[in-house]
Amino acid sequence: MNTRKRLYVGLLVASLFFLAGLLAGGWYLLTNRNIMLNRVILLAALVAVVSLFAVIAGGILAIVVAIARSKTIPPFDGIMRLANQVLFPVAVFLGRTFGIDKERVWRSFIAVNNSLVRAQKNRVPLYKLMILVPHCLQNSECPHKITANINNCKKCGKCCIKDLIELADRYRATLKVATGGTLARKYISEVRPQGVVAIACERDLSQGIQDAGVVPVMGVLNSRPNGPCLNTEVSIDEVEKAIETILKGGT
Ligand code: SF4
């Protein structure tokens, strides 16, 4: 086994020992509750767990209230994000356990996210908006390399990249084409936008929204008439609506 694989396998074994240690420690504390120090540790652990649950429950409540009122309560934005971050993988797992298609769960997450961005009513200034699009929107037979520089597009109209360039010019937004999550994250850290309109499939959009952290992202799903990742399409009207929403602060 080479060094790279040894690291991960080593961490797996260490994680197992860590979990076993936690269980053994918990068991020891519970079976020796008469010792004062153990009582204090148990109480501290209980308070920490209950506090975490209370914060996450508050985050869920804040999400529901924000959707119902179409308006977020700014001091609760952080706990809404925390609830989303912590519970999103659990929600996808539970959905799969109950036989709910994960794409349906991702679509629902994106719809909730878009409602929350709309409800935040934070205006994103011109020049601070980024439109992030996937490479698969480009016609697969196009010889021009647009990932490095979007201006290499000759605007022939064989794919929607031409329309997206015109849209970005009209709104003075930065348009970037990403081949995956790594490049998308790199663009966000380089451009430092205050708002993003991202086009992608359900999985990439959900992941991208999570990765963007505090930067609001309006998600627009692409359609895949030729199957995944090949000559995909997007409604320019929907992209424009998302731009208007994020620029005007969800009026
Ligand atoms: S509009 Fe034409 S030149 Fe531009 S990316 Fe699409 S196919 Fe290529």
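Residues numbered from 1 in each chain as written. Predicted model: local features only at pLDDT ≥ 70, side-chain atom pairs only at ≥ 80, totals over all residues.

Novice: Looking at this structure, I do not really get the site of the ligand. What am I missing?
Specialist: Lining the immediate surroundings of the ligand are 14 residues, of which Asn139, Cys142, Cys153, Cys156 and Cys159 lie closest. Along the lines of polarity and charge, the residues of the shell around the ligand split into 6 nonpolar, 4 polar and 4 charged. (Near = placed C-beta within 6 Å. Nonpolar A, V, L, I, M, F, W, Y, C, P; charged D, E, K, R; others polar.)

Novice: Mind showing me how you'd approach the sheet that holds strand β1 (residues 129-134) here?
Specialist: Strands belonging to one sheet form pairs held by backbone hydrogen bonds; the direction of such a pair is parallel or antiparallel. Spatially, β2-β1-β3-β4 is the arrangement adopted by the 4 strands of the open sheet, whose pairing is parallel. The open sheet has two edge strands with one neighbour each: β2 (174-178) and β4 (217-221). For this sheet, the mean inter-axis angle between neighbouring strands, taken without regard to orientation, is 20 degrees. When β1 meets strand β3 (residues 195-200), the two strands line up parallel, connected through 4 bridges. Bridge pairing in β3 places Leu132 opposite Ala198. (Pairing = 2+ DSSP bridges. Helix = DSSP H or I, 4+ residues; strand = E, 2+ residues; numbered from the N terminus. Axes fitted to C-alpha atoms, helices over the stretch in contact; angles between N-to-C directions.)

Novice: Explain the pairing of β2 here, please?
Specialist: The side chains of a regular strand alternate, residue by residue, between the two faces of the sheet. The element β2 is largely enclosed, with a buried count of 4 among its 5 residues. Across 5 bridges, β1 lies against β2 in parallel orientation. Its bridge partner lying in β2, Met130 is registered against Thr174. Read as a crossover between parallel neighbours, the route from β1 over helix α5 (residues 161-170) to β2 is right-handed. (Buried ≥ 20, exposed ≤ 12 C-beta atoms within 10 Å, placed from the backbone. Right-handed = clockwise from strand over helix to strand, strands pointing away.)

In short, the description is geometric, and any link to function would need to be established separately.
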